[in-house]
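Structure at a glance
Listed below, chain by chain, are the residues.
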Amino acid sequence: MPDASVPVVSMRNIVKRFGNFTAIHSASMDIRRGEIHALVGENGAGKSTLMNILYGLLPRTDGDIDLRGEPVRFANPKEAIALGIGMVHQHFKLAPSFTVAENIILGSEPLKSFGRLDRIRAERETKAISERFGLNLDPRAIIATLPVGLRQRVEILKALYREAEILILDEPTAVLTPQETRELFATMRSLADSGHSIIFITHKLREVLAVSDRISVMRQGRILSTIDNKNVTAQEIASLMVGRSVLLRVAKNEAKPTGELLLDVKGLTALGERGETAVDNLSLSVSAGEIVGLAGVQGNGQDELVECIAGLRRPVGGQVQICGTPLRPNPRGNREAGLAYIPADRGDLGLSLESSIWENMTVGHLGKFKAGPFFAATRAKQRAAELIARFDVRGATPDKAAGSLSGGNQQKVQIARELTRDARLIIAEQPSQGVDIGAIEAIHRTLVEMRDAGRAVFVVSADLDEVLSISDRVLVIYRGRIVANLKAADTDAEEVGRYMGGLDEEPASVGALPKETQHVV
Amino acid sequence: MSFETTGSGPGMAVLNFCRPAVQPIVAVLIATIVGGLLVLALGENPIEVYGLLISGSLVGVPNLLVTLQMMTPLLFTGLAVAISFRAGLWNIGAEGQMLVGALFAGVVGYAFPMPWFLHLPLAILAGFVGGGLWSAIPALLRVYLGVNELVVCLMLNPIALLLTGFFATHVFKAPGPTNKLPDIAPSAALPTFSVYSQVNAGIFIALACCIIFAIINVRTVRGFEWKIMGLSPRFAYYGGINVPRRAIWVMILSGGIAGLAGAEQVLGQYGAFYDNFSPGYGFDGIAVAMLANFNPIGVIVAAFLFGALNGGSGVLQMMTGLSKYLVQVLQFITVLVLAAQFSWDWLILRLFPEPPPKSPDAVEPVNATPTEA
Amino acid sequence: MSGNFLKTGLVVLSLLTTVVVPAFAAPKVAMITSESGLGDKSFNDMMVEGMERAKTELGADYVVIQPRAISEFQSALARAAGQGFDIIIGSSFDMIEPMKAVAAAFPDQKFGLVDVGPEPLGPNVVSTVTKDWEGSFLVGYIAAKTTKTGTIGFVGGKDIPIIHRFFIGYYYGAMMANPDIKVIETYTGSFTDPAGGKEFTLSNINQGADINFAVAGPTSVGVIEAAKSTGTFAIGVDSNQNYLAPGSVLTSMVKRVDTQAFDMIKSVSDNTFAGNQVKMYGLAEDGVSAAMDDNNKGLISDAVLAEVDTLKAKLLSGEIVVPNYFELKAGQAEMGTPPIATPPSIATATTLAQ
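Within every chain, residues take consecutive numbers counted from 1 along the sequence as written. Here the convention is simple: chains get letters from A, ligands get numbers from 1, in the order in which they are written. Local features in this predicted model are restricted to residues of pLDDT 70 or higher, and side-chain atom pairs are both shown and tallied only at a pLDDT of 80 or more, whereas totals for entire chains, interfaces and linings draw on every residue.

Some words on the overall build of chain A
- Numbering of helices and strands starts at the N terminus; helices are DSSP runs of H or I of at least 4 residues and strands are runs of E of at least 2. Along chain A, the regular secondary structure elements total 18 helices and 22 strands.
- Here a residue counts as buried when 20 or more other C-beta atoms fall within 10 Å of its C-beta, as exposed when 12 or fewer do, and as partly exposed in between; the C-beta atoms come from the backbone. For chain A, the proportion of its 521 residues judged to be buried stands at 51%.
- For chain A, the proportion of contacts with a sequence separation of at least 24, taken over those separated by at least 6, is 69%. By definition, residue pairs are in contact when their C-beta atoms, positioned from the backbone, come within 7 Å.

Topic: the overall build of chain B
- Counting its regular elements, chain B contains 13 helices and 2 strands.
- Sorting the 373 residues of chain B into buried and exposed places 53% on the buried side.
- At a minimum sequence separation of 6, the contacts of chain B that also span at least 24 residues come to 79%.

Things to note about the sheet that holds strand S21 (residues 473-478) of chain A
All names here are of chain A.
- Here, a strand pair is defined by DSSP locating no fewer than two bridges between the strands. An order of S16-S19-S20-S13-S21-S22 is seen for the 6 strands of this open sheet, with the pairing classed as mixed. Strands at the two margins of the open sheet, each flanked by one partner only, are strand S16 (339-342) and strand S22 (481-487). Between one strand axis and the next, the sheet turns by 20 degrees as a mean value, whatever way the strands run.
- Relative to strand S20 (residues 456-461), strand S13 (residues 291-295) runs parallel, the two being bridged by 5 bridges. Each bridged residue has a counterpart across the sheet, and for Val292 the counterpart in S20 is Phe458.
- In this analysis an axis means a line fitted to C-alpha atoms, helices contributing only their contacting stretch, and an angle means the value between N-to-C directions, from 0 to 180 degrees. Sheet strands touched by helix H9 (residues 302-310): S13, S16, strand S19 (425-429), S20 and S21. Its angle to S19, the strand with the most contacts, is close to 145 degrees.
- On top of the sheet, helix H14 (residues 407-419) reaches S16 and S19; it is set at about 175 degrees to S16, its chief contact.

Here we look at the interface of chain C and chain B
- Listed by partner, the interface residues are 25 residues for chain C and 23 residues for chain B.
- When residues of the side of chain C that touches chain B are traced back to their parent elements, those giving at least two are strand S2 (61-65), helix H3 (73-80) and helix H4 (96-105) of chain C.
- For the side of chain C that touches chain B, the element with the highest residue contribution is H3(C), accounting for 6 residues.
- For the side of chain C that touches chain B, the per-class residue count stands at 15 nonpolar, 7 polar and 3 charged. Under the convention adopted here, Pro, Cys and the residues Ala, Val, Leu, Ile, Met, Phe, Trp and Tyr are nonpolar, Asp, Glu, Lys and Arg are charged, and Gly plus all remaining residues are polar.

Remarks on the confidence of the model for chain A
- Predicted confidence across chain A gives a mean pLDDT of 83, with 90% of residues reaching 70 or more.
- pLDDT is defined as a per-residue confidence score from the predictor, taking values between 0 and 100. Of the regions scoring below 50 in pLDDT, residues 504-521 of chain A engages in 27 contacts with residues more than four places distant in sequence or in other chains.

Points about the nonpolar core
- We define the nonpolar core as any set of buried residues of the types Ala, Val, Leu, Ile, Met, Phe, Trp, Tyr and Cys, connected via C-beta atoms lying within 7 Å of each other. By size, the foremost hydrophobic cluster in this structure holds 241 residues, and its most contacted members are Leu425(A), Ile426(A), Phe458(A), Leu79(B), Val299(B) and Val29(C).
- Sort the elements by how many residues they give to this core and helix H10 (residues 243-270) of chain B lands first, with 15 residues.
- If you look at the next biggest cluster of nonpolar residues, it comprises 67 residues, including Met29(A), Leu39(A), Leu67(A) and Phe185(A).

Considering the sheet that holds strand S1 (residues 28-32) of chain C
- Pairing is parallel across the open sheet formed by 6 strands, whose spatial order is S2-S1-S3-S4-S5-S11 (chain C). A strand with exactly one partner marks an edge of an open sheet, and here the two such strands are S2 and strand S11 (277-281) of chain C. Taken pair by pair, the neighbouring strands of this sheet meet at an average axis angle of 20 degrees, ignoring direction.
- Sheet strands touched by helix H12 (residues 296-319) of chain B: S1 and S2 of chain C. Its angle to S2(C), the strand with the most contacts, is close to 160 degrees.
- Helix-sheet contacts for helix H9 (residues 257-269) of chain C involve S1, strand S3 (87-90), strand S4 (111-113), strand S5 (125-130) and S11 of chain C, and the interaxial angle to S3(C) is about 170 degrees.

Here's the deal with the packing of helix H7 (residues 202-219) of chain B against helix H8 (residues 221-231) of chain B
All names here are of chain B.
- Put simply, H7 and H8 touch, their axes get as near as 5 Å, and they point 75 degrees apart. Classed by the angle they form, the pair H7 and H8 counts as roughly perpendicular. Across from Ile216, Asn217, Val218 and Arg219 in H7, the residues of H8 making contact are Arg222, Gly223 and Lys227.
- Tallied by class, residues from the contact of H7 with H8 come to 2 nonpolar, 2 polar and 3 charged. The labels follow the angle: roughly parallel below 35 degrees, roughly antiparallel above 145, roughly perpendicular from 65 to 115, and oblique for the rest.

Some thoughts on the pairing of strand S8 (residues 211-215) of chain C
All names here are of chain C.
- The element S8 is extensively covered by neighbouring structure, given that 5 of its 5 residues are classed as buried.
- Side chains of S8 alternate between two faces, with Ile211, Phe213 and Val215 and Asn212 and Ala214 buried alike.
- Strand direction decides the pairing type here: strand S6 (residues 151-156) and S8, joined by 4 bridges, are parallel. Of the residues in S8, the one forming a bridge with Gly156 is Val215.
- Where S8 and strand S9 (residues 233-238) come together, 3 bridges link them in parallel fashion. Bridging from a neighbouring strand, Ile211 pairs with Phe233 of S9.
- Orienting the strands away from the viewer, one traces the path from the first strand over the helix to the second; a clockwise path indicates a right-handed crossover. Taken together, S8, helix H8 (residues 220-230) and S9 form a β-α-β motif whose crossover is right-handed.

Quick look at the environment of Asn242(C)
All names here are of chain C.
- By the element assignment, Asn242 lies in the loop between S9 and strand S10 (249-255).
- Look at Asn242 and you get buried, because 27 C-beta atoms sit within 10 Å.
- The spatial distance from the C-alpha of Asn242 to the C-alpha of Pro27 is 33 Å, given a sequence separation of 215 residues.

Considerations on helix H7 (residues 194-206) of chain C
All names here are of chain C.
- Its 13 residues place the ends of H7 18 Å apart at the C-alpha level, agreeing with the 18 Å of an ideal helix rising 1.5 Å per residue.
- Listed in full, the buried residues belonging to H7 are Pro194, Gly197, Lys198, Phe200, Thr201, Asn204 and Ile205.
- If you follow the buried residues of H7, they end up packed against S6, strand S7 (182-187), S8 and H8.
- Looking one or two residues past H7, Gly208 carries a phi angle of roughly 105 degrees, positive in sign. Here the expected length of a helix is defined as 1.5 Å per residue gap, with one fewer gap than residues.

A word on the packing of H7(B) against H10(B)
Residues and elements named next belong to chain B.
- Here H7 crosses H10 at 165 degrees, and the two axes come no closer than 10 Å. The orientation of H7 with respect to H10, classified from their angle, is roughly antiparallel. In the crossing of H7 with H10, the sense of the turn from one axis to the other is left-handed. Listed contacts from H10 to Gly202, Ile205, Ala206 and Cys209 of H7 are Ile257, Leu260, Glu264 and Gly268.
- Looking at side-chain class alone, the contact of H7 with H10 contains 5 nonpolar, 2 polar and 1 charged residues. Put simply, a crossing is left-handed when the front helix is turned counterclockwise from the back one by less than a right angle, and right-handed when it is turned clockwise.

What about H14(A)?
- The first and last C-alpha atoms of H14(A) sit 18 Å apart over 13 residues, in line with the 18 Å expected at 1.5 Å per residue.
- In terms of burial, H14(A) is a largely internal element, 12 of the 13 residues being buried.

Remarks on unusual backbone geometry
- The amide bond that connects Thr337(C) to the next residue, Pro338(C), takes the cis arrangement and shows omega of -5 degrees.
- The residue Pro338(C) is located in the loop between strand S13 (334-335) and strand S14 (340-341) in this model.
- Look at Arg479(A): it is not a glycine, yet its phi comes out positive at around 50 degrees.
- Along the chain, Arg479(A) falls in the loop between S21 and S22.

Some thoughts on the pairing of strand S4 (residues 62-67) of chain A
Residues and elements named next belong to chain A.
- In this sheet, S4 lies alongside strand S1 (residues 9-18) in antiparallel orientation, the contact comprising 5 bridges. Residue Ser10 lies in a different strand from S4, and its bridge partner there is Asp66.
- Here S4 pairs with strand S5 (residues 70-72) via 3 bridges, running antiparallel. Bridge assignment links Asp66 to a residue of S5, and that residue is Pro71.
- In textbook terms, the turn of a hairpin is the stretch between consecutive antiparallel strands, and for S4 and S5 this stretch comprises 2 residues, one of which, Arg68, has a positive phi near 50 degrees.

Regarding the confidence of the model for chain B
Residues and elements named next belong to chain B.
- Confidence along chain B averages 85 in pLDDT terms, with 86% of residues attaining 70 or more.
- In this model, residues 1-9 is a region of pLDDT below 50 whose contacts with residues beyond four sequence positions or in other chains number 6 contacts.
- Predicted confidence for residues 353-373 stays below pLDDT 50, and this span has 43 contacts to residues more than four positions away or in other chains.
- Reported confidence for the predicted complex is 0.82 by ipTM and 0.76 by pTM.

Side note on the environment of Ala416(A)
Residue and element names in this part refer to chain A.
- Mapped onto the elements, Ala416 comes out in helix H14.
- Taking the C-beta count within 10 Å as the criterion, Ala416 has 23 such neighbours and is therefore assigned buried.
- Remark: the alpha-carbon pair of Ala416 and Ala159, spanning 257 residues in sequence, is separated by 47 Å.
- Sequence-distant contacts of Ala416, that is, excluding residues within four places in its chain, are made with Met361, Leu387, Phe391 and Val393.

Digging into the environment of Leu283(C)
All names here are of chain C.
- Tracing the sequence through the fold places Leu283 in the loop between S11 and strand S12 (288-290).
- In this structure Leu283 comes out as buried when scored by C-beta crowding, with 26 C-beta atoms within 10 Å.
- Once residues lying within four places of it in the same chain are set aside, the contact partners of Leu283 are Glu134, Gly135, Leu138, Val288, Leu311, Lys312 and Leu315.

Shown next, in the form of structure tokens:
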């Protein structure tokens, strides 16, 4: 009989560094037997990294993990699984053409003599276990034919089949419909009641309040606090998540918007990857001489919105004008119209990591180096060297591959390229992502200079600090719509956070689980 | 003189210049060793065999001329593949494009006699057009319907073979037991130079093409755009490069050059379009391009190597009992090692995505003070 | 220095050995295959059989060079020329022009080319023509003696003179064996259409032909398949195709390029080689034969086989002359020695394509 006072999992002072980058700074948390423990935080806070360490996917740099009171150090997930830890990833790891039973037993197949697969036993056991936990699953169904919610159940069953007592669910609701989410929460509750401990990673506050027993809030690689889900409000969690402690304020004068709309979006509607309405009849505008920040929890349509403006995604409705020119269906046209775009996706979109820095800095400026069909590579390299100096790209020479730079310096390469274009509208997505504080300041200062030079700057960031500090005006996007338009000077993180959570109209009522889950996104 | 450890001294420049050649050289070395073991297993002396391969391909004018003959089609097909792969387009259809180009050149070569200064260029152009048209099919399907060009190219190869075969056996067949078109007019022939070899003026066209594309690659806007497209198509598109249009034209150029291989064969080596004439020059072109690291000058080197292997093969067969397959095995091993190196890089990348590079200057010092809100 | 001495010594030694080698040495032969190379179960492989025979009987020493493409024929011939081979033998119709060019450039080198046309190729080249009409005559004779229905078929690739030559021989042989035989003459229209070959053959079989002679290149495969699926017989052509469907291929009309190549080697061995010559290889010269092996054992009666030798002797003596299509005239009523009525395709024709 386990001692209830000893936590099932105890993680103390976990540190994780990737090279020079510290992803987890001394994080500690305890997981009790039979609890649903929510781990919340903004994207990039380190939630998944921490859980990957617990699951044995990543080695920790420092710190201790005790499992049922015993110190453990897993070299790989196999060892974690053997000791009763299971993890369901955001992206399912199932073989689509196999049956439910086959997927569940995959890796620990019941065998008959001579190593033959005991299919009948596999199906019988699958059926038994799915009934035991109230998960209604046909063992013979082919995975590819199942809806996402059921595939997730298979993942959960797979962990349970390996006798997992601690179940880590990484953003399990991200892919689910509200109906499926409700069913998942019911399953989680019944598992917890039968003695399983569940760690539930999310950044959706409502779900946290709806289902968890305790909540650990993570921010910038630290667990800030662990609180009971009693008498706690969404506002409090939101404040913890987005943080109030380190807020950079950029020194800047009052904006003087000229009223000339360099970005004008009217009634834009766009579909996401799964065909859902990601941007829903959205309108916004950015005038010359102002910085507008777009705040929002990730996945509320900001990616699709920016892709539409950049010409990377076709909207299904609405109009967009860039510097007075109607939107064109490809990036080239919109760049010609006067768009500079610093994408969040540096690796795939904003840079070619295998190419040299000078090449990365030259794309989009080719016209400057054209002499008939010929190309003045030497001049392009010279200019790259100048930009490297001007934008303080550390460790760079024009011929080095962009991928050899640290994330922050890669960001400077894109910024140098985009901001030196003769473009009047600047869209910066997560401009300070992966960049440390000194560089953030420089980037923000540059954006302010651009504003003061009469350009329009549109900043899209998941980092609320950044949005508040750089913007003159803050827009909040929620479920594909702009739900707030605030003057940055007159608002604060709490207020914006509330809009971001979509909680402006319905204050969270803790404990009202059935009602709450009906509204879960 | 000393090699500098940092920056861009002359030593570094030499090293940087050589770096792309390291992989192919290693591949050739490994193939040589494995091939040597194979020869040993066959009961022959590897030193002797390699000696014969080298002397049979490089020593003496006849052998050298044969090597040049063997390398000419590979110059074209290797270049064709290199151009497309460098731009990120997997044109593995050079074989089919060459066949169609050859048919076009063969038809123009015999059916429309005219003065040589018109006829020869026109017949060569026909080869280019034929190959280009054939490669336009995968290009357009790729750009407008999103169909994978690799698959389409692969399927178009046998179609080209059967289609050109149909023309050679049913439509334009010359009398006689061989399925071929009538002989081309002398006015369309690429002149040959020796009884020893069918090497012809086409090799100059091939070399010129390689040099022209080497210049295009490094000295023109298009060459720059192709490179960026190849490494990162999304980035290129985002950065304002008209990727779809470039893709179509790169494929057509690539196919056209493969078509020139066909023209060279018909106008220079065969003197007529023969059904099923190619022993796989288009596929060898893929190996040549890989060995060349998709560099047009590298194509010259790699095509020469493959040409020498095939040329030496004849002498090897004549002097020992070894069959032609030994040389093919050597080529296959080279390609296999190269492919293994590619997948090895990929594997390393998959297994160790972290950590980011550890250069001492990778992290910027904090020089701004955060302020409390 | 000592290294140089050694080298010089070796060179001298090798010169000595060259000189010491007797003038009447075993012949050295280079064989150049067609682009399909060894393992084709056809001419190239059969030529190697000839080489092996020369090795056993004449002590010949041979190498096989396999060009990958027709374009490599000339360089293969040219590089073998002057390398000390007593004769260089090729085996492809497409080697005619390359061999002419190389033979002209190397007048002291002897060349041989099997199974080509009647024009001589040069003063240092001997070539052969296979009298395929005599081979066809032989299998026609065998077919007419073996049929149970009294009807046999001929499935040609294309309706062209070179294929007519096979038919005339086949028809003549069949008529000689049995004047009442019915011979169905069909052409599929293509050499590369096995499916069509099968269709045409099945149609012949429906009309009662229980033996069909396939003269249709790759289309022949369809002919053999039709025989296999109906339990009738096919007759293969050019090389021994009995293996393609054991029990269903009655025999094959084989062009004996092995004999032809062997005779060329023999001519250099006993100094009877004479250039500018085109040798005719018919039944009497063992230049054609009906293939007999384990795959068709027992399909042809011993009595019929015994008659083949009689036919050979009669051909040699001139008692039988098998008609060559190219020597026939439109509307001719009888052909060959002894004269036999021409088939309707000749008798009623107003012109004959040549």
